[in-house]
Amino acid sequence: MSRTAIPSYRRSARTDWRMWLLLGFGLVFFWAGSTVDPAENCSDDGRECAPWLVPLAQGFGALVALGAALNMLANPNRGSLLDPETGDLVWWQGRIGNSGGDEGRIHPSRIGKLRIVRQDESADAVHLYDREGNRLFWFSEEVIPWPHDRWAAQLAAHWPHIEIERID
């Protein structure tokens, strides 16, 4: 098999649906806070009244929307690839442009295990270990394409010594 069967992967804040969801969520809260009159935010009998919640919700929406917008403006990216010159597996997170961020690299011949931990309530966790059993920094489910099992199988097909461990 050729090494090109393991595709490079890159995702940025502008292409991440979670950033767009945060932006929309923040804008909805900001808009809703601007349409409700705090003085009229009481029950008919007047017992339940919290006019301070309206500006709090509006401020919260503004902060969330601003944070998502600034993150998309900076556009940090994450991903992984096989370096064509060295053959190393290279991964990065939080990179802005072509430099910066957290990066790791290892030649696949030095990889011992790839662990995929299934989680019921959230995304699966993925960890990479060298042959000495040391967990490699900054490698996670964020830097490889989904489904993680397919990517792991492609890696193990090229380097059969790599153990793929699935924890349910």
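See above for the structure.
Residues numbered from 1 in each chain as written. Predicted model: local features only at pLDDT ≥ 70, side-chain atom pairs only at ≥ 80, totals over all residues. Heavy atoms only, no water.

> Break down the side chain of Arg78 for me, with residues and values.
Examined against the element boundaries, Arg78 turns out to sit in strand E2 (residues 77-82). For Arg78, a relative accessible area of 13% gives the class buried. In this structure the side chain of Arg78 is engaged in a polar contact, spanning 3.4 Å, whose partner is the side chain of Asp16. Leave out the neighbours within four places in its chain, and Arg78 touches Tyr9, Arg10, Arg11, Asp16, Arg18, Trp92, Gln93 and Glu142. (Helix = DSSP H or I, 4+ residues; strand = E, 2+ residues; numbered from the N terminus. Buried < 20%, exposed > 50% of the residue type's maximum accessible area, 1.4 Å probe, protein only. Polar contact = N/O pair within 3.5 Å; in protein donor to acceptor, adjacent residues only side chain to side chain. Contact = heavy atoms within 4.5 Å.)

> So what's going on with the sheet that holds strand E4 (residues 102-106)? Which residues, and what values?
The sheet built from four strands is open, its strands ordered E1-E2-E3-E4 with antiparallel pairing. What marks the edges here is a single partner per strand, and that holds for strand E1 (9-12) and E4. Each strand axis lies, on average, 5° off the axis of its neighbour in the sheet, ignoring direction. Bridge count between E1 and E2: four bridges; the pairing is antiparallel. By the bridge assignment for E2, Tyr9 is matched with Ser80. (Pairing = 2+ DSSP bridges. Axes fitted to C-alpha atoms, helices over the stretch in contact; angles between N-to-C directions.)

> How would you summarise the layout of surface pockets if you had to cite specific residues and measurements?
Taken as a whole, the largest pocket encloses approximately 310 Å³ of empty space. Lining the largest pocket we find 13 residues, and of these Arg18, Arg78, Glu141, Glu142 and Trp146 sit closest to its centre. Broken down by secondary-structure element, the contributors of at least two residues to the lining of the largest pocket are E1 and helix H1 (17-35). Split into classes, the residues belonging to the lining of the largest pocket amount to five nonpolar, one polar and seven charged. (1 Å grid on protein atoms, 1.4 Å probe; cavity = no way out; pocket = protein on both sides within 12 Å on 5 of 7 lines; lining within 4 Å. Points joined across faces, edges and corners; volume = space filled by probe spheres on them. Nonpolar A, V, L, I, M, F, W, Y, C, P; charged D, E, K, R; others polar.)

> Any chance you could break down the nonpolar core for me, citing the residues and the numbers?
Ranked by size, the top nonpolar core spans 19 residues in total, and within it Leu89, Trp91, Leu128, Phe139 and Trp151 carry the most contacts. Of all the secondary structure elements, the ones that give two or more residues to this core are strand E3 (89-95), strand E5 (111-117), strand E6 (125-130) and helix H3 (148-158). Sequence-distant contacts of Trp151, that is, excluding residues within four places in its chain, are made with Ile6, Pro7, Leu89, Leu114, Phe139, Ile144 and Pro145. Listed in part, the six residues of the second largest apolar core include Ala13, Met19, Leu23 and Met72. (Core = buried A, V, L, I, M, F, W, Y, C linked by side-chain atoms within 4.5 Å.)

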